[in-house]
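Coordinate inspection notes
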Amino acid sequence: MADLAVPNSTRLTFHDGSCYRCGATGDLLRFTEFGKAVCPTCYPSFFRRRVARTLSRYQMARKKETIGVAVSGGKDSSALLHALATMRHDLGVWVAAVHVHMGLGEYSDRSLASAEELAGRLGVRLVVERTSDLGIELAPVGTFAMCSVCGAVRRALLDRVGLREGWSAVATGHTLDDRLQQMLKRLLTGRLDAPRPVLPGDAAHPRKIKPLCLIPDRAVEAYARLESLPICPESCPQFDPQTHRFRAVFDLLESLAPMAKVQLVQSLGRAMNRPSPGGPDLPCPDCGNPTASGVCPICRLRRLAAWEEPHGEREKRTP
Ligand SMILES: [Zn+2]
Ligand SMILES: [Zn+2]
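Now for a quick tour of the structure. (Residues numbered from 1 in each chain as written. Chains lettered and ligands numbered in written order. Predicted model: local features only at pLDDT ≥ 70, side-chain atom pairs only at ≥ 80, totals over all residues.)

**Some thoughts on the overall build of the protein**
To keep things clear, this is the line we draw: In this description a helix means any DSSP run of H or I spanning at least four residues, a strand means any run of E spanning at least two, and both kinds are numbered starting from the N terminus. In this description the radius of gyration comes from C-alpha coordinates, and the expected globular size is given by 2.2 Å times residues to the power 0.38. Partly exposed residues are those whose C-beta has more than 12 but fewer than 20 other C-beta atoms within 10 Å; 20 or more makes a residue buried and 12 or fewer makes it exposed, with C-beta atoms placed from the backbone. Whether two residues are in contact depends on their C-beta atoms, placed from the backbone: they are in contact if these lie within 7 Å.
The helix and strand tally for the protein stands at 9 helices and 10 strands. Here the protein has a C-alpha radius of gyration of 21 Å; the compact-globule value for 319 residues is 20 Å, and the two agree. With the C-alpha coordinates of the protein rotated into their principal frame, the extents come out at 65 × 45 × 35 Å. Of all 319 residues assigned to the protein, the portion counted as buried reaches 35%. Contacts spanning at least 24 positions in sequence make up 71% of the contacts within the protein whose residues lie at least 6 apart.

**Concerning the sheet that holds strand 7 (residues 198–199)**
Inclusion rule: Note on pairing: DSSP must find at least two bridges between two strands before they are called paired. Axis definition: a line fitted to C-alpha atoms, over the contacting stretch in the case of helices. Angles run 0 to 180 degrees between N-to-C directions.
The 6 strands lie next to each other as 5-4-3-6-8-7, forming an open sheet whose pairing is mixed. Edge positions in the sheet fall to strand 5 (126–130) and strand 7, since each of these pairs with one other strand and no more. Contacts between helix 2 (residues 75–91) and the sheet are confined to strand 3 (66–70), strand 4 (94–101) and strand 6 (169–171), with strand 3 contributing the most and set at about 160 degrees to the helix. Sheet strands touched by helix 3 (residues 105–122): strand 4 and strand 5. Its angle to strand 4, the strand with the most contacts, is close to 170 degrees.

**Considerations on unusual backbone geometry**
Unlike most non-glycine residues, Q59 shows phi in positive territory, near 45 degrees. Within the secondary structure layout, Q59 lies in the loop between helix 1 (43–57) and strand 3. Its identity as a non-glycine residue notwithstanding, M259 has a phi of 75 degrees, on the positive side. Its place among the elements puts M259 in the loop between helix 7 (247–256) and helix 8 (260–271). Taking the C-beta count within 10 Å as the criterion, M259 has 16 such neighbours and is therefore assigned partly exposed.

**Section: the pairing of strand 5**
Quick note on the threshold: For a crossover, the right-handed case is the one in which the path from the first strand over the helix to the second runs clockwise, viewed with the strands pointing away from the viewer.
Where strand 4 lies against strand 5, 5 bridges are found, and the strand directions are parallel. Note that in strand 5 the partner of V100 across the bridge is E129. Chirality of the crossover, the property in question, places the unit of strand 4, helix 3 and strand 5 among those that are right-handed.

**Brief notes about the packing of helix 5 (residues 176–188) against helix 7**
Our working definition: Oblique is the label for every angle not falling under 35 degrees (roughly parallel), over 145 degrees (roughly antiparallel), or within 65 to 115 degrees (roughly perpendicular). It is the rotation of the near helix from the far one that decides the hand of a crossing: anticlockwise by less than a right angle makes it left-handed, clockwise makes it right-handed. Each residue receives one of three labels: charged for Asp, Glu, Lys and Arg, nonpolar for Ala, Val, Leu, Ile, Met, Phe, Trp, Tyr, Cys and Pro, and polar for the others, Gly being one of them.
In contact at an axis separation of 9 Å, helix 5 and helix 7 are set at 115 degrees when each is read in the N-to-C sense. Between helix 5 and helix 7, the interaxial angle falls into the category roughly perpendicular. For the element pair helix 5 and helix 7, the recorded crossing hand is right-handed. Residues D177, L180, Q181 and L184 of helix 5 form the contact with helix 7, whose participating residues are R247, V249 and F250. Here the contact of helix 5 with helix 7 is built from residues that sort into 4 nonpolar, 1 polar and 2 charged.

This is the structure we're talking about:
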């Protein structure tokens, strides 16, 4: 038990001097979350193997299935698309991609250009959905800020595209840090249902998978950089840093206790085992698509634009 007295900073040093795969020394990438040092040459395949392990650990996809990757043009989803497309033959799956153009001016155009460049480079079919084709413009709805409206519209569209295209699963680029942050937000509001790495599909929803859910942000960023992925350099004009404020909590924890993030996400995943609140989705009265929020987020924006949104109407759940 004397080991417990060893300061954390010296705990994980036995792989630190050289790449754990090829033994190279010098310019190493170190992520305490992995407990390893890896050289830049070995890193991309190390990263992809981590993704493949997460896929198999949570049985995210079976052979011969098609995985549609939701690619925003940012680093997380671009790294995910690149990793899955690079491994598609080994994994025995088909890979396609979908980009939702949210109609937010130049930022959206540049994001689409990044997604198109990456899909073209990888030889992956890219489905582009435009909110303007639906006749909607994003706007805050009631008490919901722009970011949550945007997220709700994107999720609804991803479901519809996934079903329309016959994809077995829709993959999103949520990372370990995203998942921890979501867990903490739920805990702070008294919710004990963990966000799951896999949401099983049904007749109205394709399966949802998060193959980066055990990989920290910094490691995803390193992969995107080393593979020179075309990434939209700007962040969304609507981005609110407040929504990411809990990240610092987990980075501090990781610096005090290496591997704490991975341990915590797994322990919380087991402990937060309550079912998600709310009943099954019901058909939207306007368009018939299944939704958890009475009127689906897309029709809600249509109603808003037509000034039909009843004043003061509030829904219990996300729009
Ligand atoms: Zn190496
Ligand atoms: Zn609708």
